[in-house]
Amino acid sequence: QEKEMENLEVMQKQIDSFIKDKGLSLSLQTKLTETGLLITISDRALFDSGSAVVKNDAIPLAREISKLIVSDPPREILVSGHTDNVPISTSTFRSNWELSAIRSINFLNIILENKKHNPIHFSAIGHGEYRPITDNKTEKGRQQNRRVEVLILPRELEL
C-alpha cells in the first residue's frame with residue numbers, strides 16, 4: 001500500500017509539473033488522499049455555462065490529462081461531474097444531476113481516445129449539486145462546486 005501511494009505521488013508530481021508549466025493552477029489542482037490521487041478541473045476550463053459539450057480549446061487539455069494518467073498496469077479511474085445548486089431545467093437537461101453526468105461522460109470520451117486506456121478501468125459518475133466542496137451561497141462558492149474530478153485509485157483499493 002505504501003509503495004502504491006508513492007507511485008501515485010510520482011504521478012501527482014508529473015501532473016503538478018504540467019499544471020505549473022502551462023500556467024493552469026487556477027483551473028486544475030491535484031490532491032493525494034487516502035482514496036487516491038484526485039485531479040480537480042474547474043468547469044470553466046472545460047464547458048460553457050449550462051453546456052455539457054467540451055469546449056474546443058479544452059480538448060487538448062483533456063488529451064494531455066489522458067496521457068498523464070496512463071499507468072501500467074492500469075488503475076481504476078472514476079470521472080465525476082459536479083454542479084452548483086442553482087436549478088437548471090432546459091430542453092437539454094432536466095436537472096443538475098443530468099448535466100453533471102453528461103459532462104463526466106463527454107470528458108471521459110476524450111480521455112478514452114487515448115488507446116493506451118482500456119474503458120473497462122473507467123467509470124463516469126454524475127453527482128449534480130449533492131457533493132459540494134464549499135458553500136453555494138456566493139458566486140465564488142458556486143464556481144468552486146462546478147467541477148470535474150478524476151480519481152485515480154490505488155491498485156489495492158480497486159473496485
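All values reported here derive from a predicted model rather than from experimental measurement.

Remarks on the sheet that holds strand S4 (residues 122-126)
The strand order across the open sheet formed by 5 strands is S1-S2-S5-S3-S4, and the pairing between neighbours is mixed. Looking at strand neighbours, the two that pair on one side only are strand S1 (28-32) and S4, the edges of this open sheet. Going across the sheet, the axis of each strand differs from the next one's by a mean of 15°, ignoring polarity. In the sheet, strand S2 (residues 37-42) pairs with strand S5 (residues 147-152) via 6 bridges, with the strands oriented antiparallel. Residue pairing for S5: Leu-38 is matched across the bridge by Leu-151. Packed on one face of the sheet, helix H4 (residues 96-111) meets S2, strand S3 (77-82), S4 and S5 and runs near 155° to S4.

Concerning the layout of surface pockets
In this structure, the largest pocket spans a volume of roughly 580 Å³. Along the wall of the largest pocket there are 25 residues; nearest its centre are Leu-38, Thr-40, Ile-133, Arg-147 and Glu-149. The residue inventory of the lining of the largest pocket, partitioned by class, reads 7 nonpolar, 11 polar and 7 charged. One number sums up the size of the second largest pocket: a volume of about 200 Å³. Residue lining of the second largest pocket: 14 residues in total, with Ser-49, Gly-50, Asp-84, Leu-99 and Arg-146 positioned closest to the centre.

Looking at unusual backbone geometry
That bond from Asp-72 to Pro-73 is cis: its omega, 0°, falls within 30 degrees of zero. Tracing the sequence through the fold places Pro-73 in the loop between helix H3 (59-68) and S3.

A look at the pairing of S3
Counting buried residues along S3, 6 of its 6 residues qualify, which places the element largely inside the surrounding structure. Where burial is concerned, the two faces of S3 agree: the one with Ile-77, Val-79 and Gly-81 and the one with Leu-78, Ser-80 and His-82 are both buried. Across 5 bridges, the pairing between S3 and S4 is parallel. The residue bridging Val-79 from the neighbouring strand is Ala-124, located in S4. Pairing geometry for S3 and S5, over 6 bridges, is antiparallel. What sits directly across from His-82, in S5, is Arg-147.

Section: the packing of helix H1 (residues 2-22) against H3
Two elements in contact, H1 and H3, have axes separated by 10 Å at closest approach and are oriented at 155°. Classified by the interaxial angle, the pair formed by H1 and H3 is roughly antiparallel. Two packed elements cross with a definite hand, and for H1 against H3 that hand is right-handed. On H3, the residues touching Met-11, Gln-14, Ile-15 and Phe-18 of H1 are Leu-61, Glu-64 and Leu-68. When its residues are assigned to classes, the contact of H1 with H3 shows 5 nonpolar, 1 polar and 1 charged.

The rules we used
- Residues numbered from 1 in each chain as written.
- Predicted model: local features only at pLDDT ≥ 70, side-chain atom pairs only at ≥ 80, totals over all residues.
- Heavy atoms only, no water.
- Pairing = 2+ DSSP bridges.
- Helix = DSSP H or I, 4+ residues; strand = E, 2+ residues; numbered from the N terminus.
- Axes fitted to C-alpha atoms, helices over the stretch in contact; angles between N-to-C directions.
- Contact = heavy atoms within 4.5 Å.
- 1 Å grid on protein atoms, 1.4 Å probe; cavity = no way out; pocket = protein on both sides within 12 Å on 5 of 7 lines; lining within 4 Å.
- Points joined across faces, edges and corners; volume = space filled by probe spheres on them.
- Nonpolar A, V, L, I, M, F, W, Y, C, P; charged D, E, K, R; others polar.
- Buried < 20%, exposed > 50% of the residue type's maximum accessible area, 1.4 Å probe, protein only.
- Parallel < 35°, antiparallel > 145°, perpendicular 65-115°, else oblique.
- Left-handed = near helix turned anticlockwise from the far one by under 90°.

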